[in-house]
Structures are given as C-alpha cells and as structure tokens.
Amino acid sequence: MPLQTGLLYNPLSGFNRRHPGALVEAAQGRAHVQVHAVRNPIEVQLALEDLARQGTELLVICGGDGTVQAVVTALLRERPFVNTPALVVLAAGTTNMIAADAGLPGNPLANLLRVLSQNSLASMGCVTRSVLRMQIPGQEDRYGMFLGMAAISQGIQYYQEHLHNQGWQGLPGICLTLLRALLPALSGRREQLSTRLEIAVNGEQRAVSQLSGNVLLALITTHERLLFDLRPFWGERTAGPLRCTLVQAQAKGMFWRLPFLALGQGKGKGWVAGTGKGYHCLHAHSLKLWLDGPLALDGELYSPRDRQEPVSVSCGGKLNFVRRL
C-alpha cells in the first residue's frame, strides 16, 4: 500500500521556475499523492491543515530553505498533525542547506520519482534532527535549523537587495555573498560588518564577558554540516543540541585560522582557536541574545524591535527527515 503523501512545492523557487509543472506532472495519476502550491506561510498553513485531514504519512517539500522553514514553523507552532509525518526535503531553492544536511540533495524531480515509488518508511533511511526555536519579543515564534548574524545576515540582506533579481541565483549567488561577507574581514575592514552582541548561555546572567563584544561572524544551528560540507564546530557536543560559533571582530590570524575552523579543526588545537584569540564554539540547550542587527533564519531576515529585549533561541523539538532512499 503506497504511503499517503503530501507534496508542497514553491512555484517561485529556482527549480520550479526553471521547470514549471514538472513536479505536478510527476504526481498526476497517483491517488495517494496530494499536491499543494505554497508561496507564503499562510498557504503553507492551509495546505498542512488539509493534508492532516487526509491522513498524510509522508510530507515532501520542494523549495529552498525559506520554504522548509515556513513548513517546519507551521508544523511545530500550530501542530496540525496528531502524528507529524516524516519530511522529505528536495533541493529546489537558491540555498539548500537543509536538503544537503537532512534531506535529499541532487535533482528534485529524480528524487521525487524515487520517493513516490516507495511503499513504506522502513525502506527509507531516516534521521532525527533537532530544530531550533527563535523567539523575538513582539513577533511570532519561528522554527528552523540555521540562524546567522553579523556578516552572515548582512550578506544575505545584500544578496536579496542587489543579487537575487539580477540573475545571481544558486551557487554563483551564494559564492558572491560569501565573498562579500569575508573579503572586508580578511582585508582588515571588519568594523563595518561587525555587530554588537551579548550572549547568555543556558540561563546564565547577561553579558558573559568572553562572549560579548563586537562580533564579525555568528551562527547558531542544529545542522551537522553546512554548505560545501563545512563543519565549523568543535568542543563538547553533548552539552546541548544548539551549536553556536562566534568570531569576534578583533580575532587574530583570521586569514589562516578560518579554514581550519570551517573544517571543525578548532578542538584540541590551541594555536587555532581559543578565548584569547577571539574564536568561540559552544553547545547549549538555550541562548539569549542582545544584538543591534538583523538575524537570518534559514535565509529569511528578521529584526528585533528593541536591543534591550533579548532574542531567545532554544531547542523547539525534533523532526524525522528522509535522508536516504
């Protein structure tokens, strides 16, 4: 008996713009597949409510990280399902970090056809991943897997304003964004990209001295790896599901240290990372952030209303992702 499957696709995402109708055509004639086009969080919510009524067992998401974030937020915030289905994330957007780490990278159409040929979850390789919860005072809670600040969020803002509509999409656009974020830092012009950040870990008091100050790069994630297989994490991983990596504006030797850190080689190498050098990696269950810049959750930008009110980041639950067919 085929799995009751829901297909959510964003017609505005890169693959679906280039191949309009391809996914819908692939699903035609399959009574066990319900297809919904989703362009915004409201459409996502309505689609999930309909799929919950249909008894959906498998949820396929064809879009970029922003689309996946909207689906994950609706699943965990609104709880439309009694039993949340396993998720299949297809790489169809500008950035596909979630698909690369917890989904199915590669051609979305080919992967969709393989998914629709499966008859049980037992035939698929699933992984369970934690999802982070971001709480900004005065805004609705949002759920995702990668939160970037300082040069990361500024780079994403620049991409959205100057590159996205100029044909710089996919890998070329990502590379240009990364270069714009890192070149000023490596050339010594760091202050223009830094953000004032204070951070409290697992309920500690505000402004832990060694982690506070002007931060050049800051990220919090539940991913095992990032784009290009980067793993900028080190230290004791059993301390919590949130991986937080910070590079302070005054960090020393950034030109040669960053490649080591990006590959996760900070642990046990005191000459690479350390408190006195401006590089930090910690693992936590919850964080509070006081900052004066925007945050980017899975590529979508959000801004705190008041720097005096902290942004809370915690583990928002766990979801099952199909990682292998």
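Residues numbered from 1 in each chain as written. Predicted model: local features only at pLDDT ≥ 70, side-chain atom pairs only at ≥ 80, totals over all residues. Heavy atoms only, no water.

### Some points on the overall build of the chain
If you tally the helices and strands in the chain, you get 9 helices and 15 strands. Within the span of the chain, comprising 325 residues, buried residues form 53% of the whole. Contacts spanning at least 24 positions in sequence make up 73% of the contacts within the chain whose residues lie at least 6 apart. As displayed, the chain has an accessible area near 14,300 Å², and 52% of this comes from carbon and sulfur atoms. (Helix = DSSP H or I, 4+ residues; strand = E, 2+ residues; numbered from the N terminus. Buried < 20%, exposed > 50% of the residue type's maximum accessible area, 1.4 Å probe, protein only. Contact = heavy atoms within 4.5 Å. Areas by Shrake-Rupley, 256 points an atom, 1.4 Å probe, with all protein chains shown as cover.)

### Regarding the pairing of strand S12 (residues 286-291)
Bridge count between strand S8 (residues 195-201) and S12: 5 bridges; the pairing is antiparallel. Each residue of the ladder has a partner; that of alanine 200, found in S12, is lysine 288. Examined bridge by bridge, S12 and strand S15 (residues 311-324) share 4 bridges and lie antiparallel to one another. Across the sheet, leucine 287 pairs through a bridge with valine 313, a residue of S15. (Pairing = 2+ DSSP bridges.)

### Focus on helix H6 (residues 108-116)
Inspection of H6 places Pro108, Asn111, Leu112, Val115 and Leu116 among the buried residues, and these make up the whole buried set. The buried residues of H6 occupy an angular sector of 135° when projected down its axis, which confines them to one face. Where H6 is buried, its residues contact strand S1 (5-9), helix H1 (14-18), helix H2 (22-27), strand S2 (33-37), strand S3 (58-63) and strand S4 (86-91). (Arc of directions from axis to C-beta.)

### Remarks on the nonpolar core
Counting residues in hydrophobic clusters, the biggest one holds 27 residues, and the most contacted among them are Leu8, Leu48, Leu59, Val71, Val72 and Phe321. Contributions of two or more residues to this core are made by helix H3 (41-53), S3, helix H4 (65-78), S4, helix H5 (97-102) and S15. With 7 residues, the top contributor of residues to this core is H4. With residues near it in sequence (within four places) discarded, leucine 48 still touches Leu8, Leu59, Val71, Ala74, Leu75, Pro80 and Phe81. Judged by nonpolar contacts, the second largest core, of 24 residues, contains Leu282, Ala284, Leu289 and Leu295. (Core = buried A, V, L, I, M, F, W, Y, C linked by side-chain atoms within 4.5 Å.)

### Details of the packing of H3 against H4
The geometry of H3 relative to H4 is characterised by a closest axis approach of 9 Å and an angle of 60° between their N-to-C directions. One way to sum up the angle between H3 and H4 is to call them oblique. Classified by chirality, the crossing of H4 by H3 is right-handed. Contact with H3, carried on its side by Val44, Gln45 and Leu48, involves Ala70, Val71, Ala74, Leu75 and Glu78 of H4 and no other residues of that element. For the contact of H3 with H4, the class distribution of residues is 6 nonpolar, 1 polar and 1 charged. (Axes fitted to C-alpha atoms, helices over the stretch in contact; angles between N-to-C directions. Parallel < 35°, antiparallel > 145°, perpendicular 65-115°, else oblique. Left-handed = near helix turned anticlockwise from the far one by under 90°. Nonpolar A, V, L, I, M, F, W, Y, C, P; charged D, E, K, R; others polar.)

### Notes on the pairing of S4
Counting buried positions along S4 yields 6 of 6 residues, so the element is predominantly enclosed. What you see with S4 is no split at all: Ala86, Val88 and Leu90 on one side and Leu87, Val89 and Ala91 on the other are buried throughout. Alignment of S3 against S4, held across 6 bridges, turns out to be parallel. Residue pairing for S4: leucine 58 is matched across the bridge by alanine 86. The parallel pair S3 and S4 is bridged by H4, and the resulting crossover is right-handed. (Right-handed = clockwise from strand over helix to strand, strands pointing away.)

### Details of the pattern of salt bridges
Pairing between side chains becomes possible if they bear opposite charge and their charged atoms approach one another. Scanning the entire structure with this criterion turns up 11 salt bridges. The partner of aspartate 50 in a salt bridge is arginine 53, and the shortest N-O contact between them spans 3.6 Å. With a gap of 3 residues between them, aspartate 50 and arginine 53 both fall in helix H3, about one helical turn apart. A salt bridge links arginine 133 to aspartate 141, with the nearest nitrogen and oxygen atoms 2.6 Å apart. Taken together, the salt bridges that share partners define one network made up of Arg77, Glu78 and Glu140. (Salt bridge = Lys/Arg side-chain N within 4 Å of Asp/Glu carboxyl O.)

### Observations regarding the packing of aromatic side chains
Counted by the stated rule, this structure contains 0 aromatic pairs. The residue whose ring lies beneath arginine 243 is phenylalanine 233, and the NZ or CZ to ring-centre distance is 5.6 Å. (Phe/Tyr/Trp six-rings, centres within 6.5 Å; stacked < 30°, edge-to-face > 60°. Lys NZ or Arg CZ within 6 Å of the ring centre and 35° of its normal.)

### Comments concerning the side chain of histidine 36
On the secondary structure map, histidine 36 appears in strand S2. Polar contacts involving the side chain of histidine 36 include one to the side chain of aspartate 50, which spans 3.0 Å. (Polar contact = N/O pair within 3.5 Å; in protein donor to acceptor, adjacent residues only side chain to side chain.)

### A closer look at the confidence of the model for the chain
On average, residues of the chain score 85 in pLDDT, and 82% of them reach the 70 mark or higher. Helix H8 (residues 170-186) is the least confidently modelled element of the chain, averaging 58 in pLDDT, while strand S6 (residues 142-144) averages 98, the highest of any element. (pLDDT = per-residue confidence, 0-100.)

### What about the side chain of threonine 195?
Along the chain, threonine 195 falls in strand S8. Residue threonine 195 is classed as buried on the basis of its relative accessible area, which comes to 6%. The contacts of threonine 195, once residues within four sequence positions are left out, are Ala150, Gln154, Gly213, Asn214, Val215, Leu291, Asp292 and Gly293.

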